[in-house]
Every structure is written in C-alpha cells, then in structure tokens.
Amino acid sequence: MNEQLVFMLQLVITGIAVGSVYSLMALGFVLIFKASAVVNFGPGELLLFGAYVSWAAILHLKLPLYVALPVTLLAAILLGLVIERGVLRPLIGYPIISVIMVTFGFASVIRGVLNMSWGSDTRPFPVLFSPEPFRLGPVPVSPVHLWSFVTIMVLLAAFSLFFRYSKTGMAMRATADNQQVAQSLGISVKWVFALSWCIASVVSTLAGIILGSVRGGVDFSLADLGLKVFPVVILGGLDSVAGAIIGGVLIGVLENLSGGYLDPLVGGGVKEVAPFVALVLILMVRPHGFFGKVEIERV
Amino acid sequence: MKCGGFRTSYRADERIFDTAVPIVGLVILMAVLAVVPRFATTYWLDVLNRIGIAVIGALGLNILVGYTGQISIGQAAFLAVGAYATAILEANLGLPFYLAIPLAALITSGFGLIFGIPSLRLRGLYLAIATLAAHFITTFVIVHWESMTKGVLGLMVPPALVAGVPLDSDARVFYLIFALVVPAILVTKNLFRTRVGRAFIAIRDRDVAASVMGVNLLRYKLLAFVISSFYAGVAGGLMAHHSRILFPDAFSLLVAIDYLAMIIIGGMGSILGSIFGAVFMTLLPEVLKLTATSLTGVYPQAFGLIASTRDVVFGLAVIFFLMYEPQGLARIWTRIRSYWQLWPYAY
C-alpha cells in the first residue's frame, strides 16, 4: 500500500478514536437537552472536572485505579446533582438567555475551584495504556486510541441497553418525548432532570479521563475540546442520541482529515476550526441536523 | 418634592429628564471626569479607560441581546474586527484615527450583517451556537492571516494624533475614550425613542406580533446586528488605541462571556444597566487583586489564591443575579432611588 493511503487511513483511525470521545460528550449533552431543553455551554468544564479529580485521586491520594475510578464517578454524580438542584431547577421557565448564561456561570465556578485547588500547570496524567504502537495491517495504531475507542463503544452499548430495557431508561425516554404525558403516568419529571444531569456529568467525566490519558496530561486547554460538542450535536440533531454518536465520529474524522491535509497550507490550527465551519454550513442547510426533530421556523 | 409622575402632555411624557436634578448631576459628573486625568494615577486611569471601552461594547451588546432579544456569543469577534480594522487602516494605510475608527466600525457593521443572517432562520439557542461558531472562525482567521494581522506576534498600533499631539499616555487616551462614551450613551438613549428602537423592542417581546404590526423582521433584525456591531467596532478601535498592541488572545471566548455577564449583571434592556455592568465587570478583578495585594503581608499565599478566585466570584455573581435579580444592578438602583424619592413615606 502506498504512503498516501496509509497517511489517510491513519488520520481516519485517529479521527474515529477522538470522535468517539466526542460522541460520549455529545451523549451527555443530548440527554440534558432532551430531558429539560437546557443547552449546556460548559461541557468543557465537566471534562476538566473528570480529568482533574481522577488525576488527584490517582496521583495525589495514591489510590489504586479500581478505587479512584468509582470515587471520581461518585464525585461526578454529586456535581451533576448540585448543578441541577442548585442552579437549573430554580431557573425552569426563565428565558433562554438566562439558562445559557447560568451554564456559563457554573462552568466558571468549576474552572475557578479547580484552579484554586490544583493550579493551572499541566499535570502529567497516569499512563493507563502502554504507549507502544501496534500495526493494524500497514497502519500504526496507538493502544491508547484503540482502548479509548473500545471503552467508549462498550459504554455507548451499555447506555443504549439502559435506555431500551431498564425502567429508568424508559422513564427518561418518555419524559423526553412528552413531559406532561410522562408526568401523568407517574414518572417524576424532576427526578429525570436530575438523573440526566448526573448521567451527563458521569459521561463527561469518563470522557475527561480518556482524553487525559490520550493526551498524557491535563491542563485547562482540555476545556476547549468540550466546545467541540456543538458541531457534533448540530450535525446529529440536538435531540438525537443516535445522531450524537454518529456525529461525534464524523466530526472527529472530519477534523483529522482537514487538519492533516490543510494544516501545511495555512500553517496549522485547521483542526480547531473545521468542525465549526461544518457547524455553520449545517445550520444553513439543515438547522435541525441529520437526525433531529424538525421544528425550526422561518421569518 | 417629587412624589410621582404627573404628565399632562406628550412632550412631558417623551422627555428624557423629568427634573433638573439629574441634569445638574450629569454636568457635575462630566466636570469631574474632565479633571480626573490630572489627579488619577496611571493604574486607575487604565482602569477608567477600560471601563469606558466596556461601556460602549456593553451598550452595543445590550442593543442586540437586551433590546432585540437576539442572543450573541460573538461580541469578542466583533471587538476583534473593530480593533484589527482600526489598527490596519492606521498602520498600513496611514489613515488618521478620526477616519480609521468610523471606517473600522463600518467594516464591523458589515461583518455584523453577515453574522446576522443566521438570525433570520434561527432563534434562541441555535443563534447562540451559530455565533459561537462564528467566533471561532473569526479568531482562526485573525491568528492565521499573518500578512495583515501579524498573528500571535502582535500588531503594533501607532498612537492617534490630535492636532499634532500623539495620544500616547493613558491620560490622553482617556479624553478620546470619554469623548466617544458620551455620544454613545446619548445615541442609544435616543435610539429607543425612535421607530427603529421601538421595533427592536417589539421583536424581542414577540416577533410574530411585531411582524403583524408592520415591523419588517428581516430588515430590523439585521439592522440590530449592524447597529450593535457598529458600537463593538468603535469599542474595538478604542481598544487598539488603548493597548497599542493587539494579540488574538485579547479576544478570547471569555471576553464574549464577560460582555454577556455585563449586561446580565447590569440589567438587560437598560442603558444604565450597560454602564453599571461595565463598571462592575471591570472593577471586579481589580478589587480582588487589590484585596490580594493588601493581604500578602499577613498571609503570603493569598495573592495566588485570591487571583484565581476571579472565576468563582464571577460565576457566582452571574448565577446570583440570574436567580435573585434578573433585571440586574439597574433594578437595584431604581429601587434605592424610588425609596429615597418618596422618603419617609416609602412602603
């Protein structure tokens, strides 16, 4: 196989691996939007939270991984509850701008607290996977990417089973479908709101841990990756779980390919902007995304 | 003593000032501002200058978000276009500042027009997401269009020349900034006494109803973006003259969030609110910094700790105002004022 093709395949594979992390973040985002119509503008800070707390648990408190992980997830659940109870529930029924700003507000609080606790230096993240690349056919693949992909696929499969078969999952889907009907059937809508924030916080935390180990360190630039969730959910549709998963992978591949081929032409940084160019184009053509519910109006 | 509004004619109803007291107050304020550069230290002049710039920027954003109801997270991008356009017009084309700043503001308006096009199809959070994307695209262009913007190396801005005197100190730039802040406030105040301003408010309150009443949504939504970004362009031009060197970092997403916080904390759809918000958001980090400096004698670690409390205090302030005082500082101000106006018979 020639070098060109190997280069491209490598970009695509890395793209799928990174994109699967985006899928995981987008899953949390879509759950919140479906349940409570809140758009979370602080997804990056949830990532940071996961990465920093797990870093502190493993390297600071010297906990073994099988203890550190549950501790981190417990912290994430607590964070989700605090956000929903403390900040978003009082604002139910407020105008969109208030809800958007309040998500910026608590994101800022999270960032500030993390900064006060551990400072803004880059922290080396524990190596969870061996760094030695192996070959998939002619293409070298790093185990971090493969394992993060596998982990995420398992998680996504678990979540889709949860939504499909468990009573709680069905309650969440029912609430997303129609709040009033769900309430009249005895589902506690408030509880579903809280649960969706907990799940979102947990999946973002997991994404943060995976990103931390992929990058080999955590610092505050990790939060910028969180904003990539917007191209993903616009591509997939704000209220579609399947769209979030497919969109994540597509955006990951798109940014890697555009970065790989266009970076030499314009001097870098294409990876950061290409998803947002895609976002604008999709908004112009199909504002509800490829899997979302159509409810956009025209002037 | 005034104890209520008793207006008997339309003229009286349309008046900006009911009594002479606020006029006297404003004249005194202007007089104080005119002599401030003689007494203030460079540090406080710098803070005052940044407040002035923030007032213009916040007014512009309030016209768009607070009065017209179009959510924009793109204010930092507007400011960046204004600042870079001013700098490039002056440094590369050699235009004087009194031509460069208005021209740059017009360029920013054109840019705002492009930003505004999504608002015709998208509402609420979709528009917010679209402006977020536009922010990242703009920043990318500024970082990478190095032949024009010098990218991350920073673009130098020559000082403005007024009758041969270079405005190269904070005290001199102060006059330039406040010579533009005053008309900016006046124009905004009067904008909302005209058809255009009323149309904006009608769109915010209910766009379908506005449309039925004969407000052309296409034209007025775009006009709101144009006017708002004109203000941002002026504010950006002043930023260029204030800092005299421009880096893309100065226009990060956090700046856009800061400006949104200004109008939330100050008061949406209020001119006074824009001013309060600009003052609050500019002073907040300074007050924290001063507290930290005064505490370092007692407790040496205080500086690093308190400096990083900025994010926390900022976030808590935003959350607090959204929950307990959604109309912001401007509302608190009117409450205090009406209490004293009717004192001792307030209830």
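Here's a quick rundown of the structure.

Reading the values: rules and limits
- Residues numbered from 1 in each chain as written.
- Chains lettered and ligands numbered in written order.
- Predicted model: local features only at pLDDT ≥ 70, side-chain atom pairs only at ≥ 80, totals over all residues.
- Core = buried A, V, L, I, M, F, W, Y, C linked by C-beta atoms within 7 Å.
- Buried ≥ 20, exposed ≤ 12 C-beta atoms within 10 Å, placed from the backbone.
- Contact = placed C-beta atoms within 7 Å.
- Helix = DSSP H or I, 4+ residues; strand = E, 2+ residues; numbered from the N terminus.
- Nonpolar A, V, L, I, M, F, W, Y, C, P; charged D, E, K, R; others polar.
- Axes fitted to C-alpha atoms, helices over the stretch in contact; angles between N-to-C directions.
- Parallel < 35°, antiparallel > 145°, perpendicular 65-115°, else oblique.
- Left-handed = near helix turned anticlockwise from the far one by under 90°.
- Expected span 1.5 Å × (residues − 1).
- Bend = angle between axes of the 7 residues up to and from the residue.

### Here's the deal with the nonpolar core
Part 1 of the reasoning: By size, the foremost hydrophobic cluster in this structure holds 195 residues, and its most contacted members are Ala26(A), Val30(A), Val233(A), Ile56(B), Tyr84(B), Ile264(B) and Val318(B).
Part 2 of the reasoning: Leaving out residues up to four positions away in the same chain, Val233(A) has contacts with Ala26(A), Phe29(A), Val30(A), Leu238(A), Ala244(A) and Gly247(A).

### As for the interface of chain A and chain B
Part 1 of the reasoning: Contacts between chain A and chain B engage 36 residues on the former and 39 residues on the latter.
Part 2 of the reasoning: Residue assignment for the side of chain A that touches chain B shows that the elements contributing at least two residues are α4 (96-118), α10 (229-236) and α12 (270-285) of chain A.
Part 3 of the reasoning: Across the side of chain A that touches chain B, the residue classes break down as 26 nonpolar, seven polar and three charged.

### A word on the packing of helix α3 (residues 42-67) of chain B against helix α11 (residues 217-243) of chain B
Residues and elements named next belong to chain B.
Part 1 of the reasoning: With their axes 7 Å apart at the nearest point, α3 and α11 run at an angle of 165° to one another. Accordingly, the angle class assigned to the pair α3 and α11 is roughly antiparallel. Crossing geometry of α3 relative to α11 is assigned as left-handed. Contacts between α3 and α11 involve Asn 49, Ile 53, Ile 56, Gly 57, Leu 59, Gly 60, Leu 61, Ile 63 and Leu 64 from the former and Ala 224, Phe 225, Ile 227, Ser 228, Ser 229, Tyr 231, Ala 232, Val 234, Ala 235, Leu 238, Met 239 and His 242 from the latter.
Part 2 of the reasoning: Residue composition of the contact of α3 with α11, by class: 15 nonpolar, six polar and no charged.

### Details of helix α2 (residues 21-39) of chain B
Residues and elements named next belong to chain B.
Part 1 of the reasoning: Counted at 1.5 Å a residue, the expected span for α2 with its 19 residues is 27 Å, and the 27 Å between its end C-alpha atoms agrees.
Part 2 of the reasoning: A bend of about 25° at Leu 33 is the largest found in α2, and the proline Pro 37 appears one to four places after it.
Part 3 of the reasoning: With one of 19 residues buried, α2 lies mostly on the surface of the structure.

### Here's the deal with the environment of Phe140(B)
Part 1 of the reasoning: Along the chain, Phe140(B) turns up in helix α6 (residues 124-144).
Part 2 of the reasoning: Separated by 108 residues in the primary sequence, Phe140(B) and Pro248(B) have C-alpha atoms spaced 9.0 Å apart.
Part 3 of the reasoning: Sequence-distant contacts of Phe140(B), defined by excluding residues within four places in its chain, comprise Gly269(A), Glu272(A) and Val273(A).

### Details of helix α3 (residues 65-88) of chain A
Part 1 of the reasoning: An ideal rise of 1.5 Å per residue puts 34 Å on 24 residues; α3(A) measures up with 33 Å between its terminal C-alpha atoms.
Part 2 of the reasoning: Those residues of α3(A) lying buried are Ala68(A), Thr72(A), Ala76(A), Leu79(A), Gly80(A), Ile83(A), Glu84(A), Val87(A) and Leu88(A).
Part 3 of the reasoning: The inward-facing, buried residues of α3(A) abut α2 (43-60), α4 and α8 (189-215) of chain A together with α15 (309-324) of chain B.

### Some details on the packing of helix α4 (residues 75-91) of chain B against helix α5 (residues 97-116) of chain B
Residues and elements named next belong to chain B.
Part 1 of the reasoning: Put simply, α4 and α5 touch, their axes get as near as 8 Å, and they point 140° apart. The angle between α4 and α5 falls in the class oblique. In this structure, the crossing between α4 and α5 has a hand that is right-handed. Of the residues in α5, those touching α4 at Phe 78, Val 81, Gly 82, Ala 85, Thr 86, Leu 89 and Glu 90 are Phe 97, Ala 100, Ile 101, Leu 103, Ala 104, Ala 105, Ile 107, Thr 108, Phe 111 and Gly 112.
Part 2 of the reasoning: Counted by class, the contact of α4 with α5 contains twelve nonpolar, four polar and one charged residues.

Treat this as a map of the structure, not an account of what it does.
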